[in-house]
Amino acid sequence: MSSRTITRRVRGIPTSDGAGVKLTRVIGQPKLDALDPFLLLDEFGSDAATDYIAGFPDHPHRGFETVTYMLDGRMRHRDNHGNSGLLESGSVQWMTAGRGIVHSEMPEQEHGLMRGFQLWVNLAAKDKMTQPRYQDIAPEKIPTVEPAPGVKVRVVAGEVFGVRGPVDGIAIAPVYLDIALEPGAKLSVPLPENHSAFAYVFEGDAVQLGSETLGLRELAVLGKGDSVELALASDAKAARVLLVAGRPLNESVARYGPFVMNTPEQIVQAMQDYQAGRF
Ligand code: MN
């Protein structure tokens, strides 16, 4: 047994995307360009409608997957293949863009809190031109396990403590956990030994990770190992941690905005296909 330790710490940077949605970019920014197979992690959260109301009008994706985890609020997605759906509080959408989609992601509320994450997961070269696929998962389909006193783990993807998350058929064998800790709680979370992994504290003040402290809105890149030790001091505020892991692809990455391929030539092809309406 070897516990993972923190190899790098990163704080997100404020930015805006889409038609002016304010968000914090944690992965996919100068301090952490990517964490193979993860290309981007955005956190959004505001109860000011002006921060999110413009949404993400029609835009393309090719060569990777987007994972939207809604904590609060409602977002409507609609694509050029006729798919649409409503992402509600507590739901997740694992979208495999594959060879290409053009879609919009628009808030379906004019006031109130909108909060969540979007993670981009790379696809292997052999899967980049696969057919688009959606896994829209309602909140009640995401199981919660209580492996220790004061600990609740929502299992979006992967298998921990005998509970399997609903996301299936994803090549990087993802683990995606939303871990809520009460003061004094502690647990050891098993993770596949050679997966890339990160932890991100999104509620509370700070969490103990092994012998170190991880602060609010701080992302820890984790070294290799088959578990992560998390704990919360008995006088701390309740906390929540996003813990995500995936098998690295170890392939070349050519990236331009919403197109992520292996070579610059494939990026040019993606732009031509998009402009010609071949998505
Ligand atoms: Mn999108």
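Sequence positions are assigned chain by chain, starting from 1 and proceeding in written order. Where totals are concerned, whole chains, interfaces and linings use all residues; where local detail is concerned, this predicted model gives features only for residues with pLDDT of at least 70, and gives and counts side-chain atom pairs only at 80 or more. Only hydrogens and water are removed before side-chain values are computed, so all heavy atoms of the structure are retained for them.

*Asks:* Would you mind going over unusual backbone geometry with me for this structure?
*Replies:* Among all residues save glycine, negative phi is the norm, and among peptide bonds the norm is trans. Following aspartate 36, the chain continues into proline 37 via a peptide bond in cis, with omega recorded as 15 degrees. Note that proline 37 resides in the loop between strand S3 (21–27) and strand S4 (38–46). Although it is not a glycine, phenylalanine 161 sits at a positive phi angle of roughly 50 degrees. Secondary structure elements follow DSSP: runs of H or I of four or more residues count as helices, runs of E of two or more count as strands, with numbering from the N terminus. For phenylalanine 161, the location among the structural elements is in the loop between strand S15 (159–160) and strand S16 (163–164). Although it is not a glycine, arginine 217 sits at a positive phi angle of roughly 60 degrees. Along the polypeptide, arginine 217 turns up in the loop between strand S21 (212–215) and strand S22 (218–222).

*Asks:* For this particular structure, what's the right way to read the sheet that holds S22?
*Replies:* Strand pairs in the sheet, formed through backbone hydrogen bonds, run parallel or antiparallel to each other. If you trace the 7 strands from one edge of the open sheet to the other, you get S1-S22-S19-S24-S17-S14-S13, paired in antiparallel fashion. Edge positions in the sheet fall to strand S1 (6–11) and strand S13 (144–145), since each of these pairs with one other strand and no more. Strand pairing follows a simple DSSP-based rule, namely that at least 2 bridges must link the two strands. Relative to strand S24 (residues 239–246), strand S19 (residues 196–203) is paired through 7 bridges, and the arrangement is antiparallel. Among the inter-strand pairings, tyrosine 200 is bridged to a residue of S24, identified as leucine 242.

*Asks:* What should I look at first to understand the packing of aromatic side chains in this one?
*Replies:* Where two aromatic rings form a pair, the distance of their centres and the angle of their planes describe that pair. By convention, a stacked pair of Phe, Tyr or Trp rings (six-membered ring in the case of Trp) has centres within 6.5 Å and planes under 30 degrees apart, an edge-to-face pair has planes over 60 apart, and any other such pair is tilted. In total, this model carries 8 aromatic pairs according to the counting rule given. Aromatic pair phenylalanine 38 and phenylalanine 198: ring centres 5.6 Å apart, planes at 90 degrees, arrangement edge-to-face. Of this pair, phenylalanine 38 sits in strand S4 while phenylalanine 198 sits in strand S19, placing them 160 residues apart in sequence. Exposure class is identical for phenylalanine 38 and phenylalanine 198. Each is buried. When the ring of phenylalanine 259 is compared with that of tyrosine 274, the centres are 6.1 Å apart and the planes differ by 55 degrees; the resulting orientation is tilted. Separated by 15 residues along the polypeptide, phenylalanine 259 in strand S26 (residues 259–261) and tyrosine 274 in helix H1 (residues 264–275) bring together distant segments of the chain. Residue exposure (1.4 Å probe, protein chains only): buried if accessible area is under 20% of the type maximum, exposed if over 50%, otherwise partly exposed. Looking at tyrosine 274, the relative accessible area reads 31%, which means it is partly exposed. An aromatic cluster is present here, built from Phe117, Tyr200 and Phe202 joined pairwise through their rings.

*Asks:* Hey, could you run me through the coordination of the manganese ion in this one?
*Replies:* Donor atoms are limited to N, O and S found within 2.8 Å of the metal ion, a distance that becomes 3.2 Å for Na, K and Ca. With water left out, some sites might look partial. Protein coordination at the manganese ion: the donors are His59 (NE2), His61 (NE2), His103 (NE2) and Glu105 (OE), at 2.1 to 2.3 Å from the metal. Sequence positions of the donors to the manganese ion reduce to the motif H-x1-H-x41-H-x1-E. Each member of the pair histidine 103 and glutamate 105 is classed as buried.

*Asks:* Got a minute to help me understand the pairing of strand S2 (residues 13–17) in this structure?
*Replies:* The pairing of S2 with S3 spans 5 bridges and is classified as antiparallel. The residue of S3 that forms the bridge with aspartate 17 is valine 21.

*Asks:* Explanation requested: the pattern of salt bridges in the structure shown.
*Replies:* It is possible for side chains of opposite charge to pair when their charged atoms get near one another. The salt bridge criterion pairs a side-chain nitrogen of Lys or Arg with a carboxyl oxygen of Asp or Glu, the two atoms within 4 Å. As enumerated under the stated definition, the model contains 17 salt bridges in all. Linking arginine 133 and aspartate 168 is a salt bridge whose minimum nitrogen-to-oxygen distance equals 2.7 Å. In this pair, arginine 133 is assigned in strand S12 (residues 133–137) and aspartate 168 in the loop between S16 and strand S17 (175–181), connecting sequence segments 35 residues apart. What makes arginine 133 partly exposed here is its relative accessible area of 32%. Among the residues examined, aspartate 168 registers a relative accessible area of 42% and is labelled partly exposed.

*Asks:* Can you help me understand the side chain of aspartate 273 in this one?
*Replies:* Structurally, aspartate 273 can be placed in helix H1. Using a relative accessible area of 9% as the deciding quantity, one classes aspartate 273 as buried. Contacts: residue pairs with any heavy atoms within 4.5 Å of one another. Ignoring sequence-local partners within four residues, the contact set of aspartate 273 consists of Arg62, Arg278 and Phe279.

*Asks:* What is the right way to read the pairing of S19 from this model?
*Replies:* The side chains of a regular strand alternate between both faces of the sheet. Of all 8 residues that make up S19, 7 are buried, and the element is covered over most of its length. Two elements, S19 and S22, share 4 bridges in a ladder whose sense is antiparallel. Residue pairing across strands places phenylalanine 198 opposite valine 221, the latter belonging to S22.

*Asks:* Would you take a moment to explain the sheet that holds strand S23 (residues 227–231) for this structure?
*Replies:* Pairing within the open sheet is antiparallel, and its 4 strands lie in the order S18-S23-S20-S21. What marks the edges here is a single partner per strand, and that holds for strand S18 (186–190) and S21. Strand-to-strand twist in this sheet, taken as the mean axis angle between neighbours without regard to direction, amounts to 30 degrees. Two elements, S18 and S23, share 5 bridges in a ladder whose sense is antiparallel. Across the sheet, the residue bridging to serine 188 is glutamate 229, located in S23. Helix axes are fitted to C-alpha atoms over the stretch in contact, other axes to C-alpha atoms as well, and angles between N-to-C directions run from 0 to 180 degrees.

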